[in-house]
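# Geometric and topological summary
These are the residues of each chain, in order.
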Amino acid sequence: MWRRTTWLPPLFSSSKRSLVSQIQGAYGLRIWRTMSSEIQKPEEDGTFPRGITPFITFVLGGPGSGKGTQCARIVENFGFTHLSAGDLLRQEISSNSENGAMILNTIKDGKIVPSEVTVKLIQKAIESSESHKFLIDGFPRTEENRLTYERIIGAEPNIVLFFDCPPEEMVKRVLNRRQGRVDDNANTVKERLKIFRALSLPVVNYYAKKGKLYKIDGTGTEDEIFERVRPIFAA
Ligand SMILES: Nc1ncnc2c1ncn2[C@@H]1O[C@H](COP(=O)(O)OP(=O)(O)O)[C@@H](O)[C@H]1O
Ligand SMILES: O=c1ccn([C@@H]2O[C@H](COP(=O)(O)OP(=O)(O)O)[C@@H](O)[C@H]2O)c(=O)[nH]1
Ligand SMILES: [Mg+2]
């Protein structure tokens, strides 16, 4: 079962309706405004024209925790647009962009690509989409990622999902993934788990403290996990 951690802001606490529909009601149809007054102004105008921001869900969890699998289910059932930070980076490698070689080496080593590179790719993907609701999968992976997103995009996520899965299960899934990824091997996974614990968990804790985090048990079948996710979005 998912559970919302720490306190519930008044907007979310009193109704049985899903969080998404409550925010939708409070903010008007499919148009979302950022709810935080702490965010710095974006560096460049234009990510969210006329001050209108889409509904953003960050999807976090260790390697193999099931982020991509559950995002596909959320897209099918709730019509979100799925932006996987890892996929955006892999597309940069395949398109022989100037950063391609650097990104490939970073991914091979299980390290984190410089924040500005990833955030600019996310920004471009949001700008070129007509969608008003996005799942940003596998980002932010560090506090520095998070701060760079806030600086460049000028908004916080509305909610954050965290798939909680034991490391042995994550390793097993990654080593069985068979998508030909350069980082799905025992050595790289070990490094990715280290980075997840040291750099990504602090981001998860940050959103828990802000009352934005949904921690979801990431064990069991894909169906069982999706039934834990569904109530977060269901009307
Ligand atoms: N609940 C599950 N039980 C077993 N295997 C799963 C489950 N969810 C996903 N998988 C498989 O585990 C691998 C990693 O899942 P994926 O969604 O790519 O995770 P992530 O994006 O978090 O790395 C994939 O091969 C996927 O098919
Ligand atoms: O914001 C991001 C997302 C991904 N990556 C890199 O891309 C790899 C694969 O990420 P992905 O999210 O595809 O992996 P998953 O967790 O889904 O297995 C990571 O290990 C990092 O090396 C990164 O540097 N920054
Ligand atoms: Mg993934």
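In this text, all values refer to a predicted model and were calculated from it rather than measured experimentally.

### Remarks on the overall build of the chain
Within the chain one finds 10 helices and six strands. Counting across all 235 residues of the chain, residues that qualify as buried make up 33%. When contacts within the chain are restricted to residue pairs at least 6 apart in sequence, long-range pairs at least 24 apart make up 81% of them.

### Focus: unusual backbone geometry
Between Phe 139 and the following residue, Pro 140, the backbone shows a cis peptide bond with an omega angle of 0°. Along the chain, Pro 140 falls in the loop between β4 (133-137) and α7 (143-153). Backbone geometry at Asn 96 places phi at a positive 50°, although glycine is not the residue there. Here Asn 96 shows up in the loop between α4 (85-94) and α5 (100-109). Of note in the backbone geometry, Arg 178 takes a positive phi value of approximately 50° without being a glycine.

### Thoughts on the packing of helix α3 (residues 67-78) against helix α10 (residues 222-233)
Two elements in contact, α3 and α10, have axes separated by 10 Å at closest approach and are oriented at 50°. In terms of orientation, α3 and α10 fall into the oblique class. Seen from above, α3 lies across α10 with right-handed handedness. For the pair formed by α3 and α10, the contact residues are Thr 69, Gln 70, Arg 73, Ile 74 and Phe 78 on the first element and Glu 222, Ile 225, Phe 226, Val 229 and Phe 233 on the second. Among the residues forming the contact of α3 with α10, the class breakdown is six nonpolar, two polar and two charged.

### Thoughts on the site of ligand 2
The environment of ligand 2 is made up of 21 residues, and the closest members are Ala 85, Gly 86, Val 113, Gly 138 and Phe 139. Elements represented by at least two residues in the shell around ligand 2 include exactly α3, α4 and α5. Here the shell around ligand 2 takes three residues from α4, the largest share from any one element. Residue classes in the shell around ligand 2 are distributed as seven nonpolar, nine polar and five charged.

### As for the environment of Val 75
Within the fold, Val 75 resides in helix α3. According to the C-beta neighbour criterion, Val 75 is partly exposed, with 13 such atoms within 10 Å. When neighbours within four sequence positions are excluded, Val 75 is seen to be in contact with Phe 80 and His 82.

### Notes on the site of ligand 1
For ligand 1, the set of nearby residues contains 14 residues, the closest of which are Gly 66, Lys 67, Gly 68, Thr 69 and Arg 173. For the shell around ligand 1, the secondary structure elements donating two or more residues are α3 and α10. A total of three residues in the shell around ligand 1 trace back to one element, the largest contributor, which is α3. Broken down by class, the residue content of the shell around ligand 1 amounts to two nonpolar, eight polar and four charged.

### Points about the environment of Glu 156
When you line up the elements, Glu 156 lands in the loop between α7 and β5 (159-164). When the 20 C-beta atoms within 10 Å are taken as the criterion, Glu 156 is described as buried. Placed 101 residues apart in sequence, Glu 156 and Phe 55 show a C-alpha to C-alpha distance of 9.7 Å.

### A closer look at the nonpolar core
In this structure, Leu 60, Ile 122, Leu 135, Ile 136, Val 160, Leu 161 and Phe 162 are the most contacted members of the largest nonpolar core, which totals 43 residues. In this view, Leu 161 contacts Thr 57, Val 59, Leu 60, Tyr 214 and Ile 216; residues no more than four positions away in its chain are not counted.

### Quick notes on the confidence of the model for the chain
Confidence along the chain averages 86 in pLDDT terms, with 78% of residues attaining 70 or more. Scored below 50 in pLDDT, residues 6-16 makes 12 contacts in the model with residues more than four places away or belonging to other chains.

Rules behind the numbers
- Residues numbered from 1 in each chain as written.
- Chains lettered and ligands numbered in written order.
- Predicted model: local features only at pLDDT ≥ 70, side-chain atom pairs only at ≥ 80, totals over all residues.
- Helix = DSSP H or I, 4+ residues; strand = E, 2+ residues; numbered from the N terminus.
- Buried ≥ 20, exposed ≤ 12 C-beta atoms within 10 Å, placed from the backbone.
- Contact = placed C-beta atoms within 7 Å.
- Axes fitted to C-alpha atoms, helices over the stretch in contact; angles between N-to-C directions.
- Parallel < 35°, antiparallel > 145°, perpendicular 65-115°, else oblique.
- Left-handed = near helix turned anticlockwise from the far one by under 90°.
- Nonpolar A, V, L, I, M, F, W, Y, C, P; charged D, E, K, R; others polar.
- Near = placed C-beta within 6 Å.
- Core = buried A, V, L, I, M, F, W, Y, C linked by C-beta atoms within 7 Å.
- pLDDT = per-residue confidence, 0-100.

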